[in-house]
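Listed below are the residues making up each chain.
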Amino acid sequence: AAGGATGRVVQVAGGVATDLITGMDFTAGVSLTLNGNEILVGDVDSVTFAGSVERFDLSGIPLGSLATGLSGAFDQATDGQGRLLLTGGFTPTFSSSTVVRIDSLGTVTEVASGFGFSSGIDIDKPSGVISVVDFGAAQIDTLTPIDQMTAGGFGKKECQAEFFGQDPDRTPSGKPRKRWTCEDGDPSCDRDYAADGVCTFLVGTCFSVPDPRTPKCTPGAVDAVEVTRKPKIAGSIAFPELQAAASAVLPTTEGTCSGGVELSVPAGKKVRARLTALAAGKRVDRDSLTLKCKAP
């Protein structure tokens, strides 16, 4: 990010660094497209400070711009649908920094704002959760995509509590099920990345979610949560880590997500977690999630 048309992308192979792409200004983030056949590079003009994302083939030959006229660029990552997430931009009033999404046609959509300065970004592919370093506030923020949450249904109470951590199983027509299936050792879902007789799922919870998939449900207050397990384990609290993580973000009156916790299921078995959301001592939502581990 040297400015004055001296910015570059450097390739390192066998301990030797060579310039792969040159002639840029303040180079700002590099990533591959989802199919891996193009390099996307952020750049900020050293005179106008306008941001852009430029396309190159794998040898560094320019292929044109993906997006121009951006309010800034710092870092980037490609999500599971092939869209580029870009940090370092600002709202029109420059009151806060943003994260934007750019599709394959170059259409730019704001995903989030309110950052002091959005910088480093990464995406957890199984859950779709986005982590953003905000060095304007010295913290890391997480953004949890609603369309990858597992709701208990589509009724009037089904937005008060939802699970996240993995895209759910689906019916032949594409309707989401209340079940996650993972094969032992599959790196796309088994969080210990080993075929060791156990699937390790990452499971988190969200509350009071404004979910467009449940238009009949109006998000409301959630004061507390109860977690149960089937089959039960004698003399043991059901999923104590999940209970603690969910309780840590309550009470809430607006969309709020817990941290994710690891839950283990033996290969060839399935376990069901039930989540009951409460407000003023009354049940406002009850969801269940079956975690199924397949032997390789």
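For the structure itself, consult the block above.
Residues numbered from 1 in each chain as written. Predicted model: local features only at pLDDT ≥ 70, side-chain atom pairs only at ≥ 80, totals over all residues. Heavy atoms only, no water.

## Description of the overall build of the chain
And step 1. Counting its secondary structure elements, the chain contains one helix and 22 strands.
And step 2. If you line up the chain on its principal axes, its C-alpha atoms span 65 × 45 × 40 Å.
And step 3. Scored against the burial criterion, the 296 residues of the chain give a buried share of 45%.
And step 4. Contacts spanning at least 24 positions in sequence make up 46% of the contacts within the chain whose residues lie at least 6 apart.
And step 5. Carbon and sulfur atoms make up 54% of the accessible area of the chain, which amounts to about 14600 Å² in all.
And step 6. Separation of charge centres in the chain, based on 27 positive and 34 negative side chains, amounts to 16 Å. (Helix = DSSP H or I, 4+ residues; strand = E, 2+ residues; numbered from the N terminus. Buried < 20%, exposed > 50% of the residue type's maximum accessible area, 1.4 Å probe, protein only. Contact = heavy atoms within 4.5 Å. Areas by Shrake-Rupley, 256 points an atom, 1.4 Å probe, with all protein chains shown as cover. Lys, Arg positive; Asp, Glu negative; His and termini not counted. Charge placed at Lys NZ, Arg CZ, Asp CG, Glu CD.)

## Here's the deal with the state of the cysteines
And step 1. In total, this model carries four disulfides according to the counting rule given.
And step 2. Note that cysteine 182 is cross-linked by a disulfide to cysteine 189, the S-S spacing being 2.1 Å. Measuring the twist about the S-S bond at about 85°, one finds the cysteine 182-cysteine 189 disulfide to be right-handed. Accessibility classification places cysteine 182 together with cysteine 189 in one group, the buried group. (Disulfide = S-S within 2.5 Å.)

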